[in-house]
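Analysis of the macromolecular model
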Amino acid sequence: MLFSNHNPIGIFDSGVGGLTVFAEVKKLLPEESVFYLGDTARVPYGSKSVDVIRRYSLANVSMLAALGVKAVVIACNTASAVALSFVQQCFPNLEIIGVIDPVVNYLRTRPELKRIGVIGTNMTIASKAYQNALLKNDAELDIVAKSCPLFVPLVEEGLFEGEITEKIIDMYLSAMKAKPLDALILGCTHYPMLRKAVYDYFGGKVEILDTAFHTAKKLAEVLTENSALNCGQKEPDRFFVTDSPDSFRLTAELFLGRKIENVFHV
Ligand code: DGL
């Protein structure tokens, strides 16, 4: 951690989806400025190999570190699943937070939730990062994991509800519906945009756990513990993307429901 309160927080994602984490961070920590890096030229990470995701993640953290961020949040669940400890070892003096531990730690406070569903990209689910972290906390948990790769393009098309969305949700989650869950972890940046549709699909009977919210809370705790909260002037948020700023701006509007400024190609 660089203990300068004025420095921005760095958030990286494979693309635009990490804006769900950005939104939660801004809600909880409005006095902080954020530098968001979306690796839009190389998205998706969810179908790539571990080595490639680590290499890309290292490049992303290196760039944010060079921009002087005081902490990094890996908003991408896939990168958090397979590259978090690798980049932490490469940057031992920088606080780097992933999205998996915060929600897993939250579940420690809810021991009555026993049957837990986890959904994410192919790599997130195949890595078993969520499953292993959950079982480490509570070996009694009954975990059902499922990759839902079509959810990402669905969300990027703005199809948050409606017939097609319901059909795709049913295709992936019918087994979870047949034997009801206590809670479902939305283990992908994009899935909070489907939160209502998924909640309704389960008839409102399954607690939906949003990793973005718990990650923002963890970031706030880390900054508070290190007396690193910004208490002075803040600079404007900036968005760095590796492909066209225009298409990022368009999808970002879908995610945030507002226009964004300061988008730079890197
Ligand atoms: N950001 C990714 C995640 O949260 C989803 C998109 C991708 O596959 O890169 O896992």
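Residues numbered from 1 in each chain as written. Predicted model: local features only at pLDDT ≥ 70, side-chain atom pairs only at ≥ 80, totals over all residues. Heavy atoms only, no water.

**Considerations on the overall build of the protein**
The following threshold applies: Numbered from the N terminus, helices here are DSSP runs of H or I no shorter than four residues, and strands are runs of E no shorter than two. As defined in this context, the radius of gyration uses C-alpha atoms, and a globule is described by 2.2 Å times the residue total to the power 0.38. Exposure is judged per residue with a 1.4 Å probe applied to protein chains only, and the accessible area is read against the type maximum: over 50% gives exposed, under 20% gives buried, and values in between give partly exposed. The contact rule is simple, with two residues in contact once any of their heavy atoms fall within 4.5 Å.
Each helix and strand in the protein was counted, giving eleven helices and ten strands. Computed over C-alpha atoms, the radius of gyration of the protein comes to 18 Å, within 12% of the 18 Å expected from 2.2 N^0.38 for 266 residues, which places it in the range of a compact globule. Along the three orthogonal principal directions, the C-alpha set of the protein runs to about 50 × 40 × 35 Å. Taken across its 266 residues, the protein has 53% of its residues classed as buried. A separation of at least 24 residues holds for 77% of the contacts in the protein among residues at least 6 apart in sequence.

**Some points on the pairing of strand S2 (residues 34-38)**
Regular strands have side chains that alternate between both faces of the sheet. As a reminder of what qualifies: Any two strands between which DSSP finds at least two bridges are classified as paired. Place the viewer so that the strands point away; then a crossover is right-handed whenever the path from the first strand over the helix to the second strand goes clockwise.
Here S2 lies mainly inside the structure; five of its five residues are buried. Burial of the side chains of S2 extends over both faces: Val-34, Tyr-36 and Gly-38 are buried on one face and Phe-35 and Leu-37 on the other. Direction of pairing for strand S1 (residues 9-13) relative to S2: parallel, over a ladder of five bridges. Looking at S2, one finds that Asp-13 is bridged to Gly-38. Assessed by its sense of winding, the connection that carries the chain from S1 through helix H1 (residues 19-28) to S2 is right-handed. With four bridges joining them, S2 and strand S9 (residues 238-241) adopt parallel strand pairing. Bridge assignment links Phe-35 to a residue of S9, and that residue is Arg-238.

**So, the site of the ligand**
So the rule is basically this: Throughout, near means a residue has at least one heavy atom within 4 Å of the molecule or strand. Contacts described as polar in this section are N or O atom pairs within 3.5 Å, which, within protein, must combine one atom able to donate a hydrogen with one able to accept it, while residues neighboring in sequence count only if both atoms come from side chains. For the area figures, the Shrake-Rupley method with a 1.4 Å probe applies, and any residue is considered shielded solely by the protein chains shown.
The immediate surroundings of the ligand are formed by 13 residues, with Asp-13, Ser-14, Tyr-45, Gly-46 and Thr-78 found nearest. Within the backbone of Asn-77, a nitrogen or oxygen atom sits 3.0 Å from an oxygen atom of the ligand. In the complex, the protein chains occlude 99% of the 290 Å² of accessible area that the ligand would expose alone.

**Details of the sheet that holds strand S7 (residues 183-187)**
Condition: Throughout, an axis means a line fitted to C-alpha atoms (over the contacting stretch in the case of helices), and angles, computed between N-to-C directions, take values from 0 to 180 degrees.
Spatial ordering of the open sheet is given by S6-S5-S7-S8, a layout of four strands whose pairing is parallel. One side of each edge strand has no neighbouring strand; the edge strands of this open sheet are strand S6 (142-147) and strand S8 (207-210). Neighbour to neighbour, the strand axes of the sheet diverge by 20 degrees on average, direction disregarded. Inspection of the sheet shows strand S5 (residues 115-120) paired to S7 by five bridges, in the parallel sense. Bridging across to S7, Gly-117 finds its partner in Leu-184.

**Quick notes on unusual backbone geometry**
Val-43 connects to Pro-44 through a cis peptide bond whose omega is 5 degrees. In this fold, Pro-44 is placed in the loop between S2 and helix H2 (50-66). Phi angles above zero are rare outside glycine, and Ser-227 is one such case at about 50 degrees. Position of Ser-227 among the secondary structure elements: in the loop between helix H10 (211-225) and S9. Residue classification places Ser-227 among the exposed positions, given a relative accessible area of 55%. Residue Asn-262 is not a glycine yet carries a positive backbone phi of 60 degrees. Inspection of the secondary structure assignment puts Asn-262 in the loop between helix H11 (245-256) and strand S10 (263-265).

What is shown is where atoms sit, not what they do.
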